[in-house]
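Next come the chains, spelled out residue by residue.
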Amino acid sequence: MQRSTLRIIGNKAVLNIRERMCETAEELLASDKFRLVLDRCIENLRTKNSPILEIFGDRNVDEESVNNLLKTLLLLVKYENNVVPHIFDKSASFLKDLDKLTSFVEYLYDYWRHFDRFIINDSEGDRLDKRPYRTFNETIEQLTHLIRTVYRHIQENITGSHPNVYRQVPAGAEMAVISLPKEIAYGVEKYNKLNTIPVIRQMLIYPPLVIQQPMNKRTGHFKLIQKNPLDLIELTPGEWICYPAKVGKLLIMVYFHIEFFELGFSMCNLFELANDKDLEKKPDALFIYGAPGDVLDGLSQYSTVFFDDKENGIFVGGIPNRPEFGYFGYLKKMILTLHNSIVMKLGNMPFHGAMIKILLQGNKQATILMMGDTGAGKSETLEAFRVLGEKHIREMTIIADDMGSIELTKDGCPLGFGTEIGAFLRLDDLQPGYAFGHLDRSIIMNPSQVNARIVFPVTKFETLITGHKIDYILYANNYEEIDNEHPVIEKFDTAEWALDIFREGAVMSKGTTTSSGLVHSYFAYIFGPPEYKDIHEAIAARFFSAFFKNKIFVGQMRTRLGIPGYESSGPREAATELLRIIGVTE
């Protein structure tokens, strides 16, 4: 027996299934899921006063007339339009105007496909994660094929003709997950209650995906509080799911509410999904994205908060379930705030920046760390490297796209590590055509709005957690013009000079948050260090001293990304100058 539920929340359609899916047209059209979509589609047409509803004659759409339409559609799967009235006489009224009926079927098909569609494969008794490909093939692939087949058979039997061009658009779900109950080794009763929430074990997506977020920018800060958000929050099974994220060397359990499913599932393009072995250890942090009501309000100036549970050795983050927090940046940045806080407590230095390893012609290589705030031009300069790479670069490996950490070896040598396997980039600032080259793996967010974003994988997890010796550390300055006194790349002579520039954290806002103009943030990132300023000051002094002791090139790079007219040429000139310096510097 089929056991499944379909929930429609806003622009999301979430299908939870156990055991088997519908296998025939009869099962599909007779299901309560199809009836839910059909009723909502008709109601949508009614609110528009659409002429398509003239298929109901006098437009008196009641339960009986919808039942008759449903039976008509079921017959049209097998029989041509002139045969159907002989089998079911009440179908004749729907078949009077074949053009109108064709339009209705087309509208119903598109109405279903306009949702962001997700399948949750959940089975406690059947270990679906042991045969994921078969599971996905029997769910998402089968559903896609069945819906498309039913649609085409009905349309062809209405019109009596076949299309000349078949477009294999995704008709089932765009994302599917296998989620199972998992006993996470929290070791404390208050955290063990989270084990009622299923944990994602495998995922399947059909990129490119276009996601509409409720918001397109982030505001405020992530504040350290003295109360555990988990004490205020109850997670209702069935409304939550957990993405176990490997963030650099750390394991962070991300619990997200159904209202934010499209954002939570998009993490698969940004953070590595933990495996069974990873889940045997105690997590370093957990994050509740979508806390109900106003339980987090009043804990600080902003409701985006986190807590250091020293007693139990775990960090806890929380963000409310409200539309203003429905932006992928909140999800990503809170996870990285938790990471950075843990890194500092371990005595290491987190960074907000991009790190790459470049192998040039002639076997010359360099590892470059570009630090700077959001919109400073870090990722954009990396993309300029890609454009120039055909000529100068044999190989380029991304170690960190946005954040990472630095550790010192026993002999004081700085090694760089990354956190994310993917990139979360502004479409506006990418080199022309670059985004199109990655569409086959991408998730695109709010493409019609300012600060449209694209998320896609850019590196391997193994690369992130392998320590890389650093050769160049540059502050990304996006606000200063270039002249004789202000070169494209300027080298600092002392650790004190470097610390002054990095500590000031100046950047011209690019509209990725609600800030505007020239703004300053401690060390160019608000994601952890401002909450541990005393600890970070001591760490920064020790690490910058090590940079100069190891003769690392430390300076600033003027990308001019924040100056109108230099959005593309600024990062390109910065990348060109850096390539020149790398090519002639010992």
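Residues numbered from 1 in each chain as written. Predicted model: local features only at pLDDT ≥ 70, side-chain atom pairs only at ≥ 80, totals over all residues. Heavy atoms only, no water.

Trainee: Tell me about the sheet that holds strand E19 (residues 422-426), and please be specific about residues and values.
Mentor: The strand order across the open sheet built from four strands is E6-E20-E21-E19, with neighbouring strands paired in mixed fashion. Since the sheet does not close on itself, it has two edges, and those belong to strand E6 (209-211) and E19, each with one partner. Between one strand axis and the next, the sheet turns by 20 degrees as a mean value, whatever way the strands run. Here strand E20 (residues 443-445) runs beside strand E21 (residues 453-457); their pairing, made up of three bridges, is antiparallel. The residue of E21 that forms the bridge with Met 445 is Arg 453. (Pairing = 2+ DSSP bridges. Helix = DSSP H or I, 4+ residues; strand = E, 2+ residues; numbered from the N terminus. Axes fitted to C-alpha atoms, helices over the stretch in contact; angles between N-to-C directions.)

Trainee: I'd like a rundown of the packing of helix H12 (residues 495-504) against helix H13 (residues 533-549), residues and numbers included.
Mentor: For the pair H12 and H13, the least separation of the axes is 10 Å and the interaxial angle reads 130 degrees. Compared by their axis directions, H12 and H13 come out oblique. The two elements H12 and H13 meet at a crossing, and its hand is right-handed. Residues Ala 495, Ala 498, Leu 499, Phe 502 and Arg 503 of H12 touch H13, and the partners they reach there are Glu 537, Ala 540, Ala 541, Phe 544, Ser 545 and Phe 548. Residue classes in the contact of H12 with H13 are distributed as eight nonpolar, one polar and two charged. (Parallel < 35°, antiparallel > 145°, perpendicular 65-115°, else oblique. Left-handed = near helix turned anticlockwise from the far one by under 90°. Contact = heavy atoms within 4.5 Å. Nonpolar A, V, L, I, M, F, W, Y, C, P; charged D, E, K, R; others polar.)

Trainee: With reference to specific residues and values, describe the nonpolar core.
Mentor: Membership of the largest hydrophobic core comes to 81 residues, with the highest contact counts inside it found for Phe 256, Phe 265, Phe 502 and Phe 544. Apart from residues no more than four positions distant in its own chain, Phe 256 is found in contact with Ile 200, Glu 239, Trp 240, Ile 241, Cys 242, Tyr 243, Phe 261, Gly 264, Phe 265, Met 267 and Tyr 289. With 57 residues, the next largest nonpolar core counts Ala 25, Leu 70, Phe 104 and Ala 173 among its residues. (Core = buried A, V, L, I, M, F, W, Y, C linked by side-chain atoms within 4.5 Å. Buried < 20%, exposed > 50% of the residue type's maximum accessible area, 1.4 Å probe, protein only.)

Trainee: Describe in detail empty space enclosed by the protein, supporting the description with residues and values.
Mentor: This model, assessed by the stated rule, comprises two cavities of 30 Å³ or more. In this model, the largest cavity occupies a volume close to 390 Å³. Lining the largest cavity are 22 residues, with Leu 28, Phe 34, Val 37, Trp 112 and Ile 147 positioned closest to its centre. At the level of elements, strand E1 (3-9), helix H1 (25-30), helix H2 (32-47), helix H5 (98-113) and helix H6 (132-159) are the ones that each hand at least two residues to the lining of the largest cavity. The greatest single-element share of the lining of the largest cavity, amounting to five residues, is contributed by H6. Classifying every residue of the lining of the largest cavity gives 18 nonpolar, three polar and one charged. Forming the boundary of the second largest cavity are 21 residues, of which Thr 374, Gly 375, Asp 402, Phe 424 and Arg 453 lie nearest the centre. Broken down by secondary-structure element, the contributors of at least two residues to the lining of the second largest cavity are helix H9 (328-345), helix H10 (378-392) and E19. Residue composition of the lining of the second largest cavity, grouped by class: four nonpolar, eight polar and nine charged. (1 Å grid on protein atoms, 1.4 Å probe; cavity = no way out; pocket = protein on both sides within 12 Å on 5 of 7 lines; lining within 4 Å. Points joined across faces, edges and corners; volume = space filled by probe spheres on them.)

Trainee: Describe the packing of H2 against helix H3 (residues 63-76), and please don't skip the residues or the numbers.
Mentor: Close contact between H2 and H3 brings their axes to 12 Å; oriented N to C, the two are set at 120 degrees. It follows that H2 is oblique to H3 by the angle criterion. Classified by chirality, the crossing of H3 by H2 is right-handed. Across from Phe 34, Arg 35, Leu 38, Asp 39 and Ile 42 in H2, the residues of H3 making contact are Glu 63, Val 66, Asn 67, Leu 69, Leu 70 and Leu 73.

Trainee: Help me get a handle on H12, residues and values and all.
Mentor: For H12, the full list of buried residues reads Ala 495, Ala 498, Leu 499, Ile 501 and Phe 502. In an axial view of H12, the angular spread of the buried residues amounts to 165 degrees, which keeps them on one side of the axis. On the buried face of H12, the contacting elements are strand E15 (365-371), strand E23 (472-477), H13 and strand E27 (553-558). Gly 505 sits one or two positions beyond H12 and adopts a positive phi of about 60 degrees. (Arc of directions from axis to C-beta.)

Trainee: A description of the packing of aromatic side chains should follow, citing residues and the corresponding values.
Mentor: Tallied over the full model, the rule gives 24 aromatic pairs. Centre to centre, the rings of Tyr 522 and Phe 523 are 5.0 Å apart; their planes meet at 75 degrees, and the pair counts as edge-to-face. You'll find Tyr 522 and Phe 523 in the same group, each marked buried. (Phe/Tyr/Trp six-rings, centres within 6.5 Å; stacked < 30°, edge-to-face > 60°.)

Trainee: Provide a residue-level description of H5, including the pertinent values.
Mentor: Since there are 3.6 residues in each turn of an α-helix, residues three or four apart along the chain are aligned in direction. With 16 residues, H5 ought to run about 22 Å at 1.5 Å a step, and its terminal C-alpha atoms sit 23 Å apart, in line with that. Those residues of H5 not exposed but buried are Leu 101, Thr 102, Phe 104, Val 105, Tyr 107, Leu 108, Tyr 109, Tyr 111 and Trp 112. Capping of H5 at its N-terminal end is provided by Asp 97; its side-chain oxygen lies 3.2 Å from the backbone amide nitrogen of Asp 99. (Expected span 1.5 Å × (residues − 1). Polar contact = N/O pair within 3.5 Å; in protein donor to acceptor, adjacent residues only side chain to side chain.)

Trainee: Go over the pairing of E19 with me, naming the residues and quoting the values.
Mentor: Of all five residues in E19, five are buried; the element is thus mostly enclosed. Burial along E19 is two-sided: the residues Gly 422, Phe 424 and Arg 426 and Ala 423 and Leu 425 are all buried. Alignment of E19 against E21, held across five bridges, turns out to be antiparallel. Residue pairing in the sheet places Leu 425 in a bridge with Ile 454 of E21.

Trainee: Got a sec to walk through the environment of Gln 155? Specific residues and values, please.
Mentor: Residue position: Gln 155 is located in helix H6. Spatially, the C-alpha atoms of Gln 155 and Glu 174 are 23 Å apart, while their sequence positions differ by 19 residues. With sequence-adjacent residues up to four places away left out, Gln 155 is seen in contact with Thr 102, Val 105 and Glu 106.

Trainee: Explain the pairing of strand E3 (residues 116-122) to me, using residue names and the numbers behind them.
Mentor: With seven of seven residues buried, E3 lies mostly within the body of the structure. On E3, burial covers both faces: Asp 116, Phe 118, Ile 120 and Asp 122 on one face and Arg 117, Ile 119 and Asn 121 on the other are all buried. Pairing of strand E2 (residues 12-18) with E3, which is carried by six bridges, proceeds in the parallel orientation. Directly across from Val 14, in E3, lies its bridge partner Phe 118. The pairing of E3 with strand E4 (residues 175-180) spans five bridges and is classified as parallel. Note on E4: the bridge partner recorded for Asn 121 is Ile 178.

Trainee: Before we move on, can you summarise the environment of Ile 398 with the specific residues and values?
Mentor: Along the polypeptide, Ile 398 turns up in strand E16 (residues 393-400). C-alpha of Ile 398 to C-alpha of Ala 354: the two residues are 44 residues apart in sequence and 7.9 Å apart in space. Each residue touching Ile 398, except ones within four places of it in the same chain, is listed here: Met 355, Ile 356, Arg 386, Val 458, Thr 459 and Thr 463.

Trainee: Explain the pattern of salt bridges to me, using residue names and the numbers behind them.
Mentor: A side chain of one charge can pair with a side chain of the opposite charge when the charged atoms of the two come close. In this structure the tally under the stated criterion is 29 salt bridges. Arg 201 is the salt-bridge partner of Asp 276, the closest N and O atoms lying 2.9 Å from each other. Here Asp 276 is found in the loop between strand E10 (272-273) and strand E11 (285-291), whereas its partner Arg 201 is found in strand E5 (residues 199-205), with 75 residues between them in sequence. Here Arg 201 falls in the buried class, since its relative accessible area comes to 7%. A salt bridge links Lys 333 to Asp 402; the nearest nitrogen and oxygen atoms lie 2.7 Å apart. Taken together, the residues span a long stretch of sequence, with Lys 333 in helix H9 and Asp 402 in the loop between E16 and strand E17 (403-408) at a distance of 69 residues. For the pair Lys 333 and Asp 402, a shared accessibility class is recorded, and that class is buried. (Salt bridge = Lys/Arg side-chain N within 4 Å of Asp/Glu carboxyl O.)

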